[in-house]
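Coordinate analysis (summary)
Okay, here's what each chain looks like letter by letter:
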Amino acid sequence: MDFSLWPAANRTWQEVLDGAEYAERTGWHGVWIADHFMQNGDDLSVPVNECLALIAGVAARTERVRVGSMVVGNTYRHPAVVANQAATIDQMSNGRFVLGIGAGWQVNEHEVYGIELPPVRERLARFEEACQVIKGLISQDRTTFDGTYYQLTGAPLEPKPANLPIMIGAAGEKVALGIVARYADEWNHWGGPELAAHKGKVFAEHCERLGRDPQSVRRSAQTMLEVVVPGDTEAAERKERLESRGGHVIMGSAQEVLDTVAQYPAAGIDEVLVPDSMLGAGNRRFDALERLREEVFAKI
């Protein structure tokens, strides 16, 4: 199983780059950046850097790690624009870029910027068309598409990406996982091993209906991960705060974290993403990441 770093986009560019260079230097598999413009809450004063600009910078400053978007919200950009951006980043990374895409969800971003956030059914229908548009543009000389929401006429995309996997972030079992089964090279969702095993069974049913081998889709999951050091009196409070916001957290001694993380492969997960947003700044962040790398990841 692979382990990748997810630097928080509210860090400064230098902090994001430091994280990416650390991941490159110490053997992490990839670096992923979330696509949001603001915090999901009432405090809109927290700075948040734009996803694709950060990824382009990371791609240009690294040589080995995969770089990917976690995930580009379809409501924010026309899919033809996304395909062009992705093709350029793919060049900058020498084929290391993974285009992660999703239907879009964060309400406050749409409200304050005046971006339409359609009802879920329409949002998913738009997203399915967007998947077709993007895959057409990266694979065909010219793309013509006459959908309900998007229309293209003889549209080019040059230069083509050398190798651009499409990763879809989705968890909805009735519709969204069906879109994953049709269009994704990779699939991502939040949660622990138990949830991953359940989602995998539902996904396999969609694949069976479509005649696709579910093993052909690479799977990743993310959760808040932290090895708690002796004397950390605030750990329980930190975990409770994260869980109260709906986050999935695996926190405890190195052995406790290892026992849980080691269950991911049997649940079908190929890659675990580690958000660093809860790990603090400066040396504290890197000390926490090193504990995970040395005391957990190296033993799986």
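First, a word on what this report is: a plain description of the structure on this page. (Residues numbered from 1 in each chain as written. Predicted model: local features only at pLDDT ≥ 70, side-chain atom pairs only at ≥ 80, totals over all residues. Heavy atoms only, no water.)

**Let's talk about the overall build of the protein**
Helix and strand counts for the protein stand at ten helices and 13 strands. The C-alpha radius of gyration computed for the protein amounts to 19 Å, which stays within 12% of the reference 19 Å derived for 300 residues, consistent with globular compactness. The C-alpha extent of the protein, read off along each of the three principal axes, is 65 × 40 × 40 Å. Taking all 300 residues of the protein together, the buried fraction comes to 53%. Of the contacts made within the protein by residues no fewer than 6 positions apart, 72% connect residues no fewer than 24 positions apart. Entry remark: accessible area of the protein is about 13600 Å², with carbon and sulfur atoms responsible for 49%. (Helix = DSSP H or I, 4+ residues; strand = E, 2+ residues; numbered from the N terminus. Rg over C-alpha atoms; globule rule 2.2 N^0.38 Å. Buried < 20%, exposed > 50% of the residue type's maximum accessible area, 1.4 Å probe, protein only. Contact = heavy atoms within 4.5 Å. Areas by Shrake-Rupley, 256 points an atom, 1.4 Å probe, with all protein chains shown as cover.)

**Remarks on the packing of helix α5 (residues 120-139) against helix α6 (residues 176-183)**
It is the contact of α5 with α6, at a shortest axis distance of 11 Å, that shows an interaxial angle of 10°. Judged by the angle between their axes, α5 and α6 are roughly parallel. Residues Leu-124, Phe-127, Glu-128, Cys-131, Gln-132 and Lys-135 of α5 touch α6, and the partners they reach there are Ala-176, Ile-179, Arg-182 and Tyr-183. Looking at the contact of α5 with α6 residue by residue, the class counts come to six nonpolar, one polar and three charged. (Axes fitted to C-alpha atoms, helices over the stretch in contact; angles between N-to-C directions. Parallel < 35°, antiparallel > 145°, perpendicular 65-115°, else oblique. Nonpolar A, V, L, I, M, F, W, Y, C, P; charged D, E, K, R; others polar.)

**Here we look at a nonpolar patch on the surface**
On the surface, Leu-44, Val-112 and Tyr-113 cluster together to form a nonpolar patch covering roughly 290 Å² of accessible area. With respect to the secondary-structure elements, Val-112 resides in helix α4 (residues 107-113). Using a relative accessible area of 45% as the deciding quantity, one classes Val-112 as partly exposed. (Patch = residues over 30% accessible without salt bridge, like charges linked within 9 Å, V, L, I, M, F, W, Y side chains within 5 Å. Salt bridge = Lys/Arg side-chain N within 4 Å of Asp/Glu carboxyl O.)

**Some words on the packing of aromatic side chains**
The full count for this structure, using the stated rule, is eight aromatic pairs. Seen from their ring centres, Phe-3 and Phe-297 are 3.7 Å apart, and the 10° between their planes marks the pair as stacked. Of this pair, Phe-3 sits in strand β1 (residues 2-6) while Phe-297 sits in the segment after α10 (282-295), and the two are 294 residues apart along the sequence. We note that Phe-3, like Phe-297, is buried. With centroids separated by 5.8 Å and ring planes inclined at 45°, the aromatic side chains of Trp-6 and Trp-190 adopt a geometry described as tilted. Of this pair, Trp-6 sits in strand β1 while Trp-190 sits in strand β9 (residues 186-190); the two residues are 184 residues apart in sequence, bridging distant segments of the chain. (Phe/Tyr/Trp six-rings, centres within 6.5 Å; stacked < 30°, edge-to-face > 60°.)

**Examining helix α9 (residues 254-261)**
Considered for burial, the residues of α9 that qualify are Ala-254, Val-257, Leu-258 and Val-261. Considered in projection along α9, the buried side chains sweep an arc of 100° and stay on one side of the axis. Those residues of α9 that are buried lie in contact with β1, β11 (224-227), β12 (249-252) and α10. (Arc of directions from axis to C-beta.)

**A short note on the environment of Gln-255**
Here Gln-255 shows up in helix α9. As a C-alpha pair, Gln-255 and Val-67 span 188 residues in sequence and 29 Å in three-dimensional space.

**Looking at the nonpolar core**
Core analysis: the biggest nonpolar cluster contains 85 residues, and Trp-28, Leu-99, Ile-101, Ile-168 and Leu-225 have the highest contact counts within it. Per-element tally for this core: the top contributor is α5, with eight residues. Those residues within four positions of Leu-99 in sequence are excluded, and the remaining contacts are Ser-69, Val-72, Val-82, Ala-86, Ile-134, Leu-164, Pro-165, Ile-166 and Met-167. Formed by eight residues, the second largest nonpolar core is a distinct cluster that contains Trp-6, Met-70, Val-71 and Met-167. (Core = buried A, V, L, I, M, F, W, Y, C linked by side-chain atoms within 4.5 Å.)

**Concerning helix α1 (residues 13-26)**
In this model α1 runs 20 Å from its N-terminal to its C-terminal C-alpha over 14 residues, within 8% of the 20 Å that 1.5 Å per residue would give. Within α1, the full set of buried residues consists of Val-16, Leu-17, Gly-19, Ala-20, Tyr-22, Ala-23, Glu-24 and Thr-26. Its buried side turned inward, α1 meets β1, β2 (30-33), α2 (51-61) and α10. Note on α1: the residue one or two positions beyond its end, Gly-27, has a positive phi of about 95°. (Expected span 1.5 Å × (residues − 1).)

**Examining the state of the cysteines**
Such a bond, covalent and formed between the sulfur atoms of two cysteines, is termed a disulfide. Overall, the coordinates contain zero disulfides when judged by the stated rule. With no disulfide of its own, Cys-131 lies 14 Å from the sulfur of Cys-207, the closest cysteine sulfur. With relative accessibility at 1%, the residue Cys-131 sits in the buried group. On the basis of relative accessibility, which here comes to 0%, the residue Cys-207 falls in the buried class. (Disulfide = S-S within 2.5 Å.)

**Side note on the pairing of β12**
Sheet faces and side chains relate simply in a regular strand, where the side chains alternate between the two faces. Judged by which residues are buried, β12 turns out to be covered on both faces: Val-249 and Met-251 on one side and Ile-250 and Gly-252 on the other are all buried. Here β11 pairs with β12 via four bridges, running parallel. Pairing of Glu-226 across the sheet is with Met-251, part of β12. You can see the chain leave β11, run along helix α8 (residues 235-244) and come back into β12, and the turn it takes is right-handed. (Pairing = 2+ DSSP bridges. Right-handed = clockwise from strand over helix to strand, strands pointing away.)

Purely geometric stuff here, so don't read any function into it on its own.
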